[in-house]
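# A structural walkthrough
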Amino acid sequence: MSSLELISLAAGYGPRPILRDVSLSVAGGEVLALAGPNGAGKSTLIRVISGVLPATAGQARLDGADLLRLPAGQRARRVAVVPQMIHLPDAYTVGEIVLMGRSPHLGLWSGESRHDCEVAWGAMRATHVEELSERRVGELSGGEQQRVVLARALAQEPQVLLLDEPTAHLDLKHQVGVLELVRGLAQERNLIVLMTLHDLNQAALYADRVALLQQGQIVAQGSANDVFRSELLSRVYGVPVTVSRHPLRDVPVVLPDGK
């Protein structure tokens, strides 16, 4: 089974350290949510794993290979990213955007093959955007665009899928749709999934495990039942919270005290 292991990762911006001694592991088919307050280092960790930001120390090992030392092209064949801010060229069709996900698998001057088109079409089917394939992305809703970006990421045929706030700017229906889709894809395709989430209740419902960050360090990791404790969350977020139980699921529900 595939696995991603982060070993004592550290990173920062110039002289300012952000991540310090971050270690965790995620197995294929598992969804791990990165939670924590603004500035805790969640998005920075996504950037380091994807190669956008260099690490200053540590390793990120995928099935024994250090992702941090791989050339960009090889890393892109293993790791796909769904960014927080979606910037898609309005004039392109959905099919064209998704086919761009095959770029890491193409030679310098080669075009897409029949196999590339089949992979892209399979990614559109998996994310339920195949009926939108001829539509211009500028005509789509935010939820539809998010699924298109997810399809493009799947077209890379990655082992690791990184999502930075995938529910940002979406209404409740589309938030649930995206998170259920990601959870299902992880299991069906044996994907290693890391996603940053501000909504702790979404993390409890849709992630197998949670890593809670504070000031660039992991202060707790495990199931939501283990991590989401009122005293810990109150300290990390700096606001009193109450942790109760979901009425239908065996997961915690986190609510501010409102004092």
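Relevant structure appears above.
Below or above, wherever it landed, is the structure these notes cover. Computed from a predicted structure; not experimentally measured.

Glancing now at the nonpolar core. Ranked by size, the top nonpolar core spans 55 residues in total, and within it Val-94, Val-98, Leu-161 and Phe-228 carry the most contacts. Here this core takes 7 residues from helix H5 (residues 142-155), the largest share from any one element. Other than its neighbours up to four places away in sequence, Val-98 contacts Ala-120, Ala-123, Met-124, Val-148, Ala-151, Arg-152 and Ala-155. Core analysis: the next-biggest nonpolar cluster, separate from the first, contains 28 residues, Leu-9, Ala-11, Val-22 and Ile-46 among them.

For the rest of this paragraph, the subject is the sheet that holds strand E2 (residues 16-27). Spatially, 4 strands are ordered E2-E1-E4-E5 in an open sheet, and the strand pairing comes out antiparallel. Edge positions in the sheet fall to E2 and strand E5 (65-66), since each of these pairs with one other strand and no more. Two elements, strand E1 (residues 3-13) and strand E4 (residues 57-62), share 5 bridges in a ladder whose sense is antiparallel. Directly across from Leu-6, in E4, lies its bridge partner Ala-60.

Procedures and definitions
Residues numbered from 1 in each chain as written. Predicted model: local features only at pLDDT ≥ 70, side-chain atom pairs only at ≥ 80, totals over all residues. Heavy atoms only, no water. Core = buried A, V, L, I, M, F, W, Y, C linked by side-chain atoms within 4.5 Å. Buried < 20%, exposed > 50% of the residue type's maximum accessible area, 1.4 Å probe, protein only. Helix = DSSP H or I, 4+ residues; strand = E, 2+ residues; numbered from the N terminus. Contact = heavy atoms within 4.5 Å. Pairing = 2+ DSSP bridges.

By themselves, these figures tell us nothing about what the structure is for.
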